[in-house]
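Okay, here's what each chain looks like letter by letter:
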Amino acid sequence: MTMESKAKLLKFLDKNDFVTLHDAMKMGVNKMALSRLVADGALYRPAKRIYATKTDWLTDPLRKYVPACTLYPDAIICGISALSYYDLTDEYERQIWLAFSQNHRVVNSEYRMIYPQGPSYSLGVVRHRVGKHEVRIYDIEKTVVDSFKYLPIDVGYKALRGYLRRKDSDLDKLSQYAKKMRKPLDDIMTTLLSDE
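The rules behind these values
Residues numbered from 1 in each chain as written. Predicted model: local features only at pLDDT ≥ 70, side-chain atom pairs only at ≥ 80, totals over all residues. Heavy atoms only, no water. Helix = DSSP H or I, 4+ residues; strand = E, 2+ residues; numbered from the N terminus. Polar contact = N/O pair within 3.5 Å; in protein donor to acceptor, adjacent residues only side chain to side chain. Contact = heavy atoms within 4.5 Å. Buried < 20%, exposed > 50% of the residue type's maximum accessible area, 1.4 Å probe, protein only. Pairing = 2+ DSSP bridges. Salt bridge = Lys/Arg side-chain N within 4 Å of Asp/Glu carboxyl O.

Visitor: Honestly, the side chain of lysine 142 in this entry has me stumped. Any pointers?
Guide: Within the fold, lysine 142 resides in helix 7 (residues 140-150). Among the polar contacts made by the side chain of lysine 142, one reaches the main-chain carbonyl oxygen of serine 120 at a distance of 2.7 Å. Residues contacting lysine 142, with those up to four places away along its chain left out, are Pro119, Ser120, Leu123, Tyr177 and Met181.

Visitor: Is there a simple way to think about unusual backbone geometry in this case?
Guide: Phi at arginine 49 is positive, roughly 65°, even though this residue is not glycine. In this structure, arginine 49 sits in the loop between strand 2 (44-47) and strand 3 (50-52). Look at arginine 49 and you get partly exposed, because its relative accessible area is 34%. Despite not being glycine, aspartate 87 has its phi angle at roughly 60°, a positive value. Note that aspartate 87 resides in the loop between helix 5 (79-85) and strand 5 (96-99). Its relative accessible area of 65% is what places aspartate 87 among the exposed residues.

Visitor: Explain the sheet that holds strand 1 (residues 19-20) here, please?
Guide: Either a parallel or an antiparallel arrangement is found when strands of a sheet pair, and the pairing is made through backbone hydrogen bonds. Reading across from one edge, 1-3-2 is the order of the three strands in this open sheet, with antiparallel pairing throughout. In the strand order of this sheet, the two ends are held by strand 1 and strand 2, each with one partner. In terms of strand pairing, strand 1 meets strand 3 through two bridges, oriented antiparallel. Within strand 3, the residue paired with threonine 20 across the bridge is isoleucine 50.

Visitor: Quick question: what am I supposed to make of the pattern of salt bridges here?
Guide: Charged atoms that come close allow side chains of opposite charge to pair. Scanning all chains against the criterion turns up eleven salt bridges. The partner of arginine 127 in a salt bridge is glutamate 134, with the nearest N and O atoms 3.1 Å apart. The exposure class assigned to arginine 127 is exposed, which follows from its relative accessible area of 54%. Residue class for glutamate 134 comes out partly exposed when judged on its relative accessible area of 22%.

Visitor: Would you explain the pairing of strand 5 in this entry?
Guide: On a regular strand, one side chain projects to one face of the sheet and the next to the other, so that they alternate. Where burial is concerned, the two faces of strand 5 agree: the one with Ile96 and Leu98 and the one with Trp97 and Ala99 are both buried. Sheet topology note: the strand 4 (residues 76-77)/strand 5 ladder contains two bridges and is antiparallel. Across the sheet, residue isoleucine 77 finds its bridge partner in strand 5, namely leucine 98. When strand 5 meets strand 6 (residues 111-114), the two strands line up parallel, connected through four bridges. Of the residues in strand 6, the one forming a bridge with alanine 99 is isoleucine 114.

This is the structure in structure tokens:
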């Protein structure tokens, strides 16, 4: 790695949260040089093929998902990750959850992958701009329905209970999503609402 390419990399990281391996290589910094910078403490590697000089952005509720959505442009934040973003769970987010279409198989043990079909994949996608990047995440109603589909039942109940307490809850939308995804929640909602 030349001094010029290292300077270019560090200048890029002054203005950006992270650099991907692909972008670093375009700047003339190879994988071996990045590994040495990590070993020397000049860089952090918060995820596979992602390098950063600072890690404070990893605690931001949305910015922390930018690397995953940059590495996988068709991925959608889901599961425990989406529940955490909407503050509907107290489960620890051990891995970032990503949804992919059925025809895109990904191997990366740092993420938890699911492969929903049809409306279970395409329904309720919200796009957020974070600097030059985009984070795709399921909306809150889709996230609640997903919690009954992919997570233990107690996590689903807790998410639904939290959702029903929100002033912005849309029960019609939630019910429509549940029917489209073949996971009807009307009886559960009625029970929970009568308990409130």
